[in-house]
Structures are given as structure tokens and as C-alpha cells.
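Fold and geometry: a report
These are the residues of each chain, in order.
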Amino acid sequence: TPDFNEPPACLTYLAEAVKKITTVPVIAVGKLGDPRVADRVLQDGIADFIAVGRPLLADAYLPNKAREGRFEDIMQCIYCNNGCTENRLLGRNRCAVNPELGMERVYRFEPTRKRKKIVVVGGGLAGMETATIAAQRGHEVHLYERTASLVGQWIPATAAKPQIGTLTENMKHRLAASGAKVHLEHPLDAQGVLALAPDLVVVATGAKQSLPDIPGIRGKNIVMAWDVLDGSVQTGPEVVVVGGGLTGSDCAYYLARQGKRVSLINNSQVLVHVERLSKLTLKEKLINNGVYLYPLSRAESITEKGVNVINDGEIVFLKADTVVISVGVRADNGLAAQLAGLAPTLSVLTIGDAYDPRTALEAIHEGFKIATEA
């Protein structure tokens, strides 16, 4: 099942080869959820029919929207496999970008009977989904984001996997059409929130990157993975990435494609908590792009010239101009705690990574659920 590491129409070469040797109609599959891409496959004579699966889980109305030319309204599948593929093995179907899938009898999207003033703090996926759905239901919604851009952590995520940027564009489009008021470059503290006199506050302030407690971690050659991926910082030609989860591995792959010499170390196996198919694909790409993998290895200390690593009971020195840290994140939920102390009767809900750092699926689903219940 092709995931977000593969390009669109990645399997059509197979249909093209079959079509050359048969007169039987040929059906093409493989990341053809964008109707414009699918149409090119047909127009170029590569196949006679197009088959899509996961894109119809993300948006069941995809064919009708395409026929009407409403391409911006299509919620594109991001091929993450986090909901459909992984949960299918558990006997249920979910979709990261479509919270209603399989929950049609649980989530009731109805106009609100009592209009509230809702303040959403944080413009990541969770905050955007909350603001969009709540505004669509008729609430007065104000979304405050401290930076100049929406979608939060999805910005560095799309650097390594540009295709998932379709989610960014769709959520921005839906938010703009919902009627919610968006305030960029507008940080809010607890006093600022209270001054707005909201009926409900949704804290969706995301997470902060963590630093491991090892010697040398404050050195000048230390940078954070998010900052590398969003372009805030540049690395030298030789890089060691500390942390082999999805973000660290994405960062290693991103740098390797730039021609950097990259080593990736991780306490456990690389990509241990990543969905199986995506793990296999990304690990193969890391290897094929020359990334040196050091699983079951620990960064013992960092110097200005590289990293001392304990590998198989021995200390190994990995030379590096830049050391990238990607050892996880912690919830940034200080605002909720401040509000609880200042206004204990105010209705405050904490969602997404601000509640507990997880995936896009949980962020979007929690935002949708809260907004439908508000």
C-alpha cells in the first residue's frame, strides 16, 4: 500500500506495461486520489479505468466534487496509513483526515441551539479543526495563533513529505470559508484570554521539542529537528541525528537528499512506533540515500566535533559538523493550568498535542469531537 513517501501515480507503470500486451481494459491503482492526476493517466492512455480506495475514505464525495470542479473542497487522502490500514487489522475503519468515517451514528453535526463565544488558542491541526467545525455550527469563533502561519507542526512535517501539504491547503480553505475569525501573530496569555470573555476556551497550543540530558547538549553545533525541517536553520555537510522516530528519520532523509553525510542513532530500533508499511518504505529510502543507521545506540556525550555513541557496549565517535536533536516532544499546556488557577469556573478544554503528544489523527479527531459537542 503506497504511503506518503511515494510519489503520486507511483504504480501506473505497471498498468502501462500490461496495457501494451493486452486488449482487455486495464485498471490503474496507486495514489490516484487527486482527480487531476487520475485524469492525466486516462488522457495519456496509460490505463482505461482508475481505481481508488483510501481517497474515498478521506472524502466519500470526491467524484461528485471533481465533476463539479470543486477541487479545493476535496479532502485529499494523505496516505499516512495511520487510520485505515493500521486500524483495519483491529476490525475497525478510521481516517486521519475524516473523523466521521465509521462514526456517523456517534458524531451529530447539527447547528447549535445556543450560540457561544469560543476562543481557540493555537492554530495547528487540532485548533483549526475545532474552529472550523464550531464556526460551521453557528458559534462565534476566534482562533489565535502566536506565529505568522497556521498548521503548526505540520509545517516541518511537510518539508520531508511535501505531498501531505494537501491537508494544509484543505484545512486553510475550510477554515476561511467557515466564518471563524483568525488572528495570526497574536499570542495570548491567561489574562488576555479572560479579557475576551469567552464561554469556552480550547487550548490547542501543541507541544515543545525535548532536549536529552547529556553532556554537550547546549553546544553551538546543536540544532532541533523541527528547525531544520522548516528551514529555520542550516546544517553542515556532516550530520548526526539523535533520535530515530518518525521526525528524526524524516529529518535524516531530508538532509541526505541534500547530499549531506548523515548518521542516525536511536536508543531502540529505528521507527519502532511507526506504522509497518511506512516504516519499511522510509527505512529503505534512508538506506538507499546513504544514511548510516545506528539502532540500539545511545548518545553518551556531544562535543564540538561530533557525538560519542555507546553502540553494542562500545564507545564509537561519529564525526559531525551539526548534531540534530529529535528525541520527542512534551505537551505545551501551561495556558490551561494558568486559566484553571485564575478562573476555575471557566470552561477550558485541552486537546491535541497540548493534551498529549500523538499523531495528526488524534489532533483532528479531538478537534472535531469537541466542536460537534460545544
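The following refers to the structure shown. (Residues numbered from 1 in each chain as written. Predicted model: local features only at pLDDT ≥ 70, side-chain atom pairs only at ≥ 80, totals over all residues. Heavy atoms only, no water.)

1. Overview of a nonpolar patch on the surface
On the surface, a cluster of nonpolar side chains totalling about 280 Å² of accessible area is made up of Ile 27, Val 29 and Phe 49. Tracing the backbone through its elements, the reader meets Ile 27 in strand β1 (residues 27-28). (Patch = residues over 30% accessible without salt bridge, like charges linked within 9 Å, V, L, I, M, F, W, Y side chains within 5 Å. Areas by Shrake-Rupley, 256 points an atom, 1.4 Å probe, with all protein chains shown as cover. Salt bridge = Lys/Arg side-chain N within 4 Å of Asp/Glu carboxyl O. Helix = DSSP H or I, 4+ residues; strand = E, 2+ residues; numbered from the N terminus.)

2. Things to note about the pattern of salt bridges
Per the counting criterion, the structure on display carries 13 salt bridges. The residue Lys 19 makes a salt bridge to Asp 48 at a minimum N-O spacing of 2.9 Å. Of this pair, Lys 19 sits in helix α1 (residues 12-19) while Asp 48 sits in the loop between α2 (35-43) and β2 (49-50), and the two are 29 residues apart along the sequence. On the accessibility criterion, Lys 19 (28% relative accessible area) is partly exposed. The residue Lys 65 makes a salt bridge to Asp 59 at a minimum N-O spacing of 2.8 Å. A cluster of three or more residues bridged by salt bridges with shared partners is formed by Glu 68, Arg 70 and Asp 73. (Buried < 20%, exposed > 50% of the residue type's maximum accessible area, 1.4 Å probe, protein only.)

3. Some words on the environment of Arg 113
Considering the arrangement of structural elements, one finds Arg 113 in the loop between α5 (84-88) and β3 (117-121). In this structure Arg 113 comes out as exposed when scored by relative accessible area, which is 86%.

4. Here we look at the layout of surface pockets
Roughly 620 Å³ of internal volume is contained in the second largest pocket. The wall of the second largest pocket is formed by 24 residues, among which Asp 59, Lys 65, Asn 98, Glu 100 and Arg 174 lie closest to the centre. Secondary structure elements with two or more residues in the lining of the second largest pocket: α3 (54-58), α6 (125-136) and α8 (165-178). Among the elements that make up the lining of the second largest pocket, the one with the highest residue count is α8 (4 residues). A breakdown of the residues in the lining of the second largest pocket according to their chemical character gives 13 nonpolar, 4 polar and 7 charged. (1 Å grid on protein atoms, 1.4 Å probe; cavity = no way out; pocket = protein on both sides within 12 Å on 5 of 7 lines; lining within 4 Å. Points joined across faces, edges and corners; volume = space filled by probe spheres on them. Nonpolar A, V, L, I, M, F, W, Y, C, P; charged D, E, K, R; others polar.)

5. As for the pairing of strand β6 (residues 200-203)
A two-sided burial pattern is seen for β6, the buried positions comprising Leu 200 and Val 202 on one face and Val 201 and Val 203 on the other. Where β3 meets β6, 4 bridges bridge the pair, whose relative direction is parallel. The residue bridging Val 120 from the neighbouring strand is Val 202, located in β6. (Pairing = 2+ DSSP bridges.)

6. Notes on empty space enclosed by the protein
Gaps left between atoms show up when a probe the size of a water molecule is rolled over them. Within this structure, the stated rule accounts for 1 cavity of 30 Å³ or more. What the largest cavity holds in volume is close to 80 Å³. With 3 residues, the top contributor of residues to the lining of the largest cavity is α3. Its residues assigned to classes, the lining of the largest cavity comprises 10 nonpolar, 2 polar and 1 charged.

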